[in-house]
Amino acid sequence: EESLNAAQAKNLTQTIKNTVAAAKKRIKEQKEALRSRIEEIPETVRTAMKEIKLYKFYPLNDMCQAMKSKYINRYYGQADEVL
């Protein structure tokens, strides 16, 4: 029953476009800031982080032998070796 006139509709669409453009610009700036922070890390530290080995330890118990999993968490991913 209620509708917008042409001027209000145009104003609303322009406001939405401006808001979306500002959000995209903010996200792009955040990505660039993250890239620059990563580039500031020394090359030796970056290669060490890439080559890191992850080990997951379980207690020596006969009851949990079948429940061993390589998954650590969403940040570290999979373990290289399960002990």
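Cut-offs and rules
Residues numbered from 1 in each chain as written. Predicted model: local features only at pLDDT ≥ 70, side-chain atom pairs only at ≥ 80, totals over all residues. Heavy atoms only, no water. Helix = DSSP H or I, 4+ residues; strand = E, 2+ residues; numbered from the N terminus. Rg over C-alpha atoms; globule rule 2.2 N^0.38 Å. Buried < 20%, exposed > 50% of the residue type's maximum accessible area, 1.4 Å probe, protein only. Contact = heavy atoms within 4.5 Å. Areas by Shrake-Rupley, 256 points an atom, 1.4 Å probe, with all protein chains shown as cover. Salt bridge = Lys/Arg side-chain N within 4 Å of Asp/Glu carboxyl O.

Participant: Hey, could you go over the overall build of the protein chain for me, with residue numbers and the actual values?
Facilitator: Along the backbone of the protein chain there are two helices and four strands. Scaling as 2.2 N^0.38, a compact globule of 83 residues should have a C-alpha radius of gyration of about 12 Å, whereas the protein chain reaches 25 Å, well beyond that. Taken along the three principal axes of its C-alpha coordinates, the protein chain extends 75 × 45 × 10 Å. Taking all 83 residues of the protein chain together, the buried fraction comes to 5%. Partitioning the intrachain contacts of the protein chain with sequence separation of at least 6 by distance along the chain shows that 38% fall at a separation of at least 24. Just so you have it, the protein chain exposes about 8000 Å², and 57% of that area is on carbon and sulfur atoms.

Participant: Describe the environment of K68, listing the residues and the values that go with them.
Facilitator: The topology assignment puts K68 in the loop between β1 (55–56) and β2 (71–73). C-alpha of K68 to C-alpha of F57: the two residues are eleven residues apart in sequence and 9.3 Å apart in space.

Participant: Which residues make up the environment of P42, and what values go with them?
Facilitator: Structurally, P42 is set in the loop between α1 (6–40) and α2 (43–50). Taking relative accessible area as the criterion, P42 reaches 47% and is therefore assigned partly exposed. Between the C-alpha atoms of P42 and A9, which are 33 residues apart in sequence, the distance is 52 Å.

Participant: I'd like a description of the pattern of salt bridges, backed by residues and values.
Facilitator: Enumeration according to the criterion identifies two salt bridges in this entry. The salt bridge partner of E32 is R35, with a shortest N-O separation of 2.8 Å. Here E32 and its partner R35 are both found in helix α1, three residues apart, which amounts to about one turn of the helix. Of the residues examined, R35 reaches a relative accessible area of 45% and is grouped as partly exposed. R46 serves as the salt-bridge partner of E43, at 3.5 Å between the closest nitrogen and oxygen. In this pair, E43 and R46 both sit in helix α2, three residues apart, roughly one turn of the helix. A relative accessible area of 23% places R46 in the partly exposed class.

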